[in-house]
Amino acid sequence: MSDHPEPTLTIGVEPSSGQTHSPPQSPITPAKAMEGANISNSDWNDAEANKLPETVEKMEEKGELPKESESKRKRVVVVGLGMVGIAFIEKLMKYDVRRREYDVIVIGEEPHLAYNRVGLTSFFQHRQVENLYLNPKEWYSSMPEGSLNYHLNTLVTEILPNQKAVKTSAGTTVPYDILVLATGSDAVLPRHTPGHSAKGVFVYRTIADLESLISFASTRKGTTGAVVGGGLLGLEAAKAMIDLEDFGKVKLIERNRWVLSRQLDSDAGGMVVEQVRGLGLEVLLSKRVGEILVDGDGAVEGVVFEDGERMECSCVCFAIGIKARDELARKSGIKCADRGGGIVVGPDLSTSTPGIYAIGECASWENQTFGLIAPGVEMADVLAFNLTQAKAHSPRAFKRPDLSTKLKLLGVEVASFGDFFADRDGPKDMPGRKHAAKKEGTGSKILTNGAAAPPVKALTYKDPFQQVYKKYLFTMDGKYLLGGMMIGDTKDYVKLVPMVKNQKQLEIPPSELIIGAQKGDDDGDDLDDDTQICSCHNVTKGDVVKSVKDGTCKSIGDVKSCTKAGTGCGGCMPLVQTIFNKTMTSMGNEVKNNLCPHFDYSRADLYNIIYVKRLKEFGDVMKECGKNSESTGCEACKPTIGSIISSLYNKHLLDGQRRGLQDTNDRFLANIQRNGTFSVVPRVAGGEITPEKLIIIGTVAKKYGLYTKITGGQRIDMFGARKQDLLSIWTELIDGGMESGYAYAKSLRTVKSCVGTTWCRFGIGDSVGMAVRLEERYKSLRAPHKIKGGVSGCVRECAEAQNKDFGLIATEKGFNIFVGGNGGAKPRHSELLAKDVPPDDVIPILDRYLSFYIRTADKLQRTARWIENLPGGIEYLKEVILKDKLGICNDLEHQMQELVDSYFCEWTEVVRDPIRRKLFQQFANTSETIDPPVEPTHEREQVRPSYWPKDSVTEDFRGHKWESELQWQPIVEASEFRDLSTGDSKAVKRGDTQLAVFKVKGKWYCTQQMCPHKRAFVLSDGLIGDDVENNKLWISCPMHKRNYELGGADAGRCNNDDQVNIATFPVEQRDDGWVYVKLPSVEELDSVLGTSKFVVKKNETVDPYEALDRKLKGMQMKGRKGINASHFENGKGGREKAREILVGGERTRGGGLDW
């Protein structure tokens, strides 16, 4: 250690709170301090860093922590608390925990702890910098006492190499034994460009940059935002600006002829351009900004390109590259690279000044700086290893890093690996070169007009229909893969990277690498143990297999925690999951897929138990199968068990315990909407409807003021029905010959059809007739997820049958049956199950298919994912359904027939039953009603609810101090509630305030009715859940599943959203038969929780089409008419014509309205 005097350490202070973050001086155990904390929020940190607090605590308990005095330990000062800086600290602490040779002081310039810069774009969604922290604050204080101090908001201004100290902006001097520079880089701002300092010019680099951009964008709603730079960072910045939803349009400006020019060639880059344009991003190529136009207030109003063209915009974000931050080193005489910048380092990361090292983006190794995180983390690991382990091991040297990248930008999969520009720049390294010495005198001299072409051959595959591009580069003999790039389909990336890194000679023709890529998801069987499967954290297949086989990891969550595989970009997770499952299976272990914490069974297991034991009530299921027979379940298991019971016995959902199992849609047999009203969808089998039924639907919609829309499934949806109006609406529809369309249920929705031979001159099959028969057969059939069908009358496929759960296409011999397709978030094309099936055989095949799906699928699993997870996929399904491999086809058909025979219309049974009808009162204690608490917006001659504001209500309802004394008030008769194992709940009204009252296992609870997340008055309609062991009970909001504690010390707290909470009140049942609630005065209660106080106003949000409408109006498009206007000069228009018909103005020859 150097002979400098012992300094007084500057204590790191967080500017926003003034809180010290020095390690605690009291003997608090680190693991206890970390209880309940999320050790690593972004998981980019070192895998073993998460375990350090536990390791330190165990070592302290065993007396294994070294006891050397502080004076014997060397002090490492790290300048820069970024991703590389914290990576070095983590690795040094990990390597040094048993040695205690070093104390670390890290000085960070930003006011934040180390955060995930790679995940910056997510900040636009959550706006919480803590969500990006690589380690929570508690992690830093959990290290051995005195081993780690940090300073925030502090800039190192000078290095004093002779004194071995640094000076800071706070005026303090911090000595060091070893100095590590991890100063990173700055985003480049073209200061030569006129207007670069205007208001509205940004770079995309730090949290501060993002906060400034967010704040500015909110003042420029509907204007155009521009991003300059089409590289990785530029596309990220463009996505972020789109996600802000403030700009009316976002444009990307790139000086080259394609984007991602550092990773892709022109063909690949051009394909990316085509795809991102399709996603709504306007891309301007071959453009250079010559000047930024500034208005009189100094704000951006546009740009002028070097070719003279002008473009209006209010914001310009530059993402044109980075520059190594080497100014501190230059000022101190440390050697820096003249060209390109950066602090010159050797293989051991040392600089020209002894005792000073540089890592990350600020370091220049062999005249190169690296803008990716992975090389910086590798540098950190090399340096930390050498400082701690080199005494007993050969020192490591930093070698040429692998710059392969695989990521998703604006929804586009992009990857480049190895020497991906070897065909353009020449190969950097040639495998097998030492074996290929050329014999003298052989070969002839070839004269050319220029430099010889690189000794490389390219294999290219381009699919413009699927937007897939692959280019793999090989040696001339095709024996070695050098590198390549991929767009769209990148699943072979994990196989190809090790081929390049290991310079392994190919054992197959190069073309098979492309042909082989067309198969399904990789199962990992053909991967060697040293194959890297997670490039973010350099995790190999062997690492995962070993962690499972040695018992360290017993779940996929354990694998992620122990190895960090899948915790970076997440792209490797399907492969990691497969490897984990196969390893567990090979050891004879079960891969558990339990339904929820209340059951040690999967959905399929529970189905079989309920089926065999003929269980028909939730309480019986919990006693037979649950972990705790007294539990009331939760929002995960209740709907699943409710669905299983319905798919087996088809009893009415609203009877007894079954009602408490249903989500709000099933609970009220209608889909709940944004404003708390419901949509009503009558059955329109096959999309075929008579004029009479159209008249009835139109009359009902008109009478109750409902918004109407044709659905994608060829039926009519009526929106805006109040809960208390549902019975009247259903009565009129049922009276007119209609019935429930089950649009609210996880059941058969529709069987869509084209017109087929009914009318079409091209049809070869009666698609409408088949669709109607199928929909009538399977209507009300409940399943793990919704089911959609389709029937097309010919190969023109107008019914889009091949993206449905089951679909038929007419052939000359019958129908081809396709299964397992769906649209949605992850679209999947269906697969052929049976070909040329005669119409008579269609029903038995579909009976078997649907019954088998209902029996074996996981909870909320669509048929697409179910078939993908079946052993053998579609081929196995064919053997079960068509060849009766399991000998269960008769049972499957019989079970389906029982369900079909038990059909009843759920709406009709409610309308007929006085007890069920009572469930549709708005309030249990009064016949008074309150209108939906969302202002209506008139649009296109209809009314819809105004948009929700983005922000939740963050008022502290739970901690509110009532000014008036709380008094016991009789609120509702106890007879309104039933004693159910699932719990019961009602909404009540007092003044202008809505409350929710719950009865669970004989106990009473009362809360506000409003969920603050979206100001929705719906809590009484949510599902009740519990954790008996921890004495917790909660209500799950039916809108977005915010879970609020109902009782105990945490009553009112939201378990999954810290921003919101609710008020709770004491409640009890008394001998007079009433439920009493302890409440403040009506006036005070209304002032805090009154419905009118939280009405969503129209002016709280901006019309997203305001700018577009102005543009369209300015275009004055010829021939356009208003929504209800007539093209005739004196035409009446829709509204007047309908009124005339309704009052009898439309007369037939018979003199009446009898059409």
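The name recorded for the chain in an unreviewed UniProt entry is Nitrite reductase [NAD(P)H], from Delitschia confertaspora ATCC 74209. The annotation that UniProt attaches to the chain under Sequence similarities (unreviewed entry) is "Belongs to the nitrite and sulfite reductase 4Fe-4S domain family." Check the Pathway (unreviewed entry) section of the UniProt entry for the chain; it says "Nitrogen metabolism; nitrate reduction (assimilation)."

As for the packing of aromatic side chains
Scanning the model with the defined rule gives 24 aromatic pairs in all. Between Trp365 and Phe398, the aromatic rings sit 5.2 Å apart at their centres with planes inclined by 85°, giving edge-to-face as the arrangement. Within this pair, whereas Trp365 is found in strand 20 (residues 363-365), its partner Phe398 is found in the loop between helix 10 (373-389) and strand 21 (405-409), the two being separated by 33 residues in sequence. For the pair Trp365 and Phe398, a shared accessibility class is recorded, and that class is buried.

Concerning the environment of Tyr150
Inspection of the secondary structure assignment puts Tyr150 in strand 3 (residues 148-151). For Tyr150, a relative accessible area of 1% puts it in the buried group.

A closer look at the nonpolar core
Residues Phe88, Ile89, Leu181 and Ile359 are the most contacted members of the largest nonpolar core, which totals 113 residues. Broken down by element, this core gets its largest block of residues, 9 residues, from helix 3 (residues 83-96). Beyond its immediate stretch of four places on either side in the chain, Phe88 contacts Val76, Val78, Val180, Ile359, Ala380, Leu383, Ala384 and Leu387. Of all hydrophobic cores here, the second largest spans 62 residues; its members include Cys634, Ile817, Met896 and Leu899.

Examining the sheet that holds strand 5 (residues 165-168)
Judged by pairing direction, the sheet is antiparallel, and its 3 strands sit side by side in the order 4-5-6 without closing on themselves. Whereas interior strands pair on both sides, the edge strands pair on one side only; in this sheet they are strand 4 (156-160) and strand 6 (173-175). Shown here is a sheet whose adjacent strand axes are inclined to one another by a mean of 25°, direction ignored. As judged from the 3 bridges shared by strand 5 and strand 6, these two strands associate in the antiparallel manner. When the bridges of strand 6 are listed, Ala165 appears paired with Pro175.

What about the pattern of salt bridges?
For the structure shown, the criterion picks out 66 salt bridges. Here Glu906 ties to Arg782 by a salt bridge, and the two come within 2.9 Å at their closest N and O atoms. You can see Glu906 sitting in helix 28 (residues 906-912) and its partner Arg782 sitting in the loop between helix 23 (767-778) and strand 33 (787-792), a full 124 residues away along the chain. Exposure class is identical for Glu906 and Arg782. Each is buried. Note that Lys1093 and Glu955 form a salt bridge whose closest N and O atoms lie 3.7 Å from each other. Of this pair, Lys1093 sits in the loop between helix 30 (1082-1089) and helix 31 (1106-1115) while Glu955 sits in the loop between strand 38 (942-945) and strand 39 (967-973), and the two are 138 residues apart along the sequence. A relative accessible area of 29% means that Glu955 is categorised as partly exposed. Among the charged side chains, a network of salt bridges with common partners joins Arg958, Lys1032, Glu1045, Asp1050 and Arg1053.

A few points about the pairing of strand 10 (residues 224-228)
When you tally the buried positions in strand 10, you get 5 out of 5 residues, the bulk of the element. Across 5 bridges, the pairing between strand 10 and strand 11 (residues 249-253) is parallel. Of the residues in strand 11, the one forming a bridge with Thr224 is Lys249. Between the parallel pair strand 10 and strand 11, the chain is carried across by helix 7 (residues 232-244), and the sense of this crossover is right-handed.

Structural notes on the sheet that holds strand 22 (residues 412-418)
Strand-to-strand pairing in sheets goes through backbone hydrogen bonds, with the strands running parallel or antiparallel. Spatial ordering of the open sheet is given by 21-22-25-24-23, a layout of 5 strands whose pairing is antiparallel. With one partner strand each, in any of the chains shown, strand 21 and strand 23 (456-463) form the two edges of the open sheet. Direction aside, the axes of adjacent strands within the sheet are offset by 10° on average. Pairing analysis gives 6 bridges linking strand 24 (residues 468-475) to strand 25 (residues 481-487), with the strands arranged antiparallel. Bridging from a neighbouring strand, Tyr469 pairs with Ile487 of strand 25. Here helix 8 (residues 266-278) sits on the sheet and contacts strand 22, strand 23, strand 24 and strand 25; the angle it forms with strand 25, its principal contact strand, is near 20°.

Some words on the pairing of strand 14 (residues 300-305)
Among the 6 residues of strand 14, 5 are classified as buried, and the element is accordingly described as predominantly covered. The antiparallel pairing of strand 13 (residues 289-294) with strand 14 creates a hairpin that spans 5 residues between the two strands, and Gly298 there sits at a positive phi of about 80°. Judged from the 3 bridges that link them, strand 14 and strand 15 (residues 310-312) form a sheet pairing that is antiparallel. Bridging across to strand 15, Val303 finds its partner in Met311.

Quick notes on the environment of Ile242
Relative to the elements of secondary structure, Ile242 occurs in helix 7. In this structure the C-alpha to C-alpha distance between Ile242 and Leu281, which are 39 residues apart in sequence, comes to 8.1 Å.

Concerning unusual backbone geometry
Where the residue is not glycine, phi is negative for most of them; where a peptide bond is considered, it is trans in most cases. Positive phi outside glycine occurs at Asn153, with the angle close to 60°. Position of Asn153 relative to the elements: it lies in the loop between strand 3 and strand 4. Classification of Asn153 by relative accessible area gives partly exposed; the value is 42%.

Regarding the packing of helix 24 (residues 839-856) against helix 27 (residues 889-901)
At a minimum axis distance of 8 Å, the contact between helix 24 and helix 27 shows a crossing angle of 90°. By the angle between their directions, the pair helix 24 and helix 27 is classed as roughly perpendicular. Along the contact surface, helix 24 presents Pro844, Asp847, Arg848, Leu850, Ser851, Phe852 and Arg855, while helix 27 presents Cys889, Asp891, Leu892, Glu893, Gln895 and Met896. Tallied by class, the residues present in the contact of helix 24 with helix 27 amount to 6 nonpolar, 2 polar and 5 charged.

Calculation rules
- Residues numbered from 1 in each chain as written.
- Predicted model: local features only at pLDDT ≥ 70, side-chain atom pairs only at ≥ 80, totals over all residues.
- Heavy atoms only, no water.
- UniProt positions renumbered as here; feature names shortened; annotations may be inferred.
- Phe/Tyr/Trp six-rings, centres within 6.5 Å; stacked < 30°, edge-to-face > 60°.
- Helix = DSSP H or I, 4+ residues; strand = E, 2+ residues; numbered from the N terminus.
- Buried < 20%, exposed > 50% of the residue type's maximum accessible area, 1.4 Å probe, protein only.
- Core = buried A, V, L, I, M, F, W, Y, C linked by side-chain atoms within 4.5 Å.
- Contact = heavy atoms within 4.5 Å.
- Pairing = 2+ DSSP bridges.
- Axes fitted to C-alpha atoms, helices over the stretch in contact; angles between N-to-C directions.
- Salt bridge = Lys/Arg side-chain N within 4 Å of Asp/Glu carboxyl O.
- Right-handed = clockwise from strand over helix to strand, strands pointing away.
- Parallel < 35°, antiparallel > 145°, perpendicular 65-115°, else oblique.
- Nonpolar A, V, L, I, M, F, W, Y, C, P; charged D, E, K, R; others polar.

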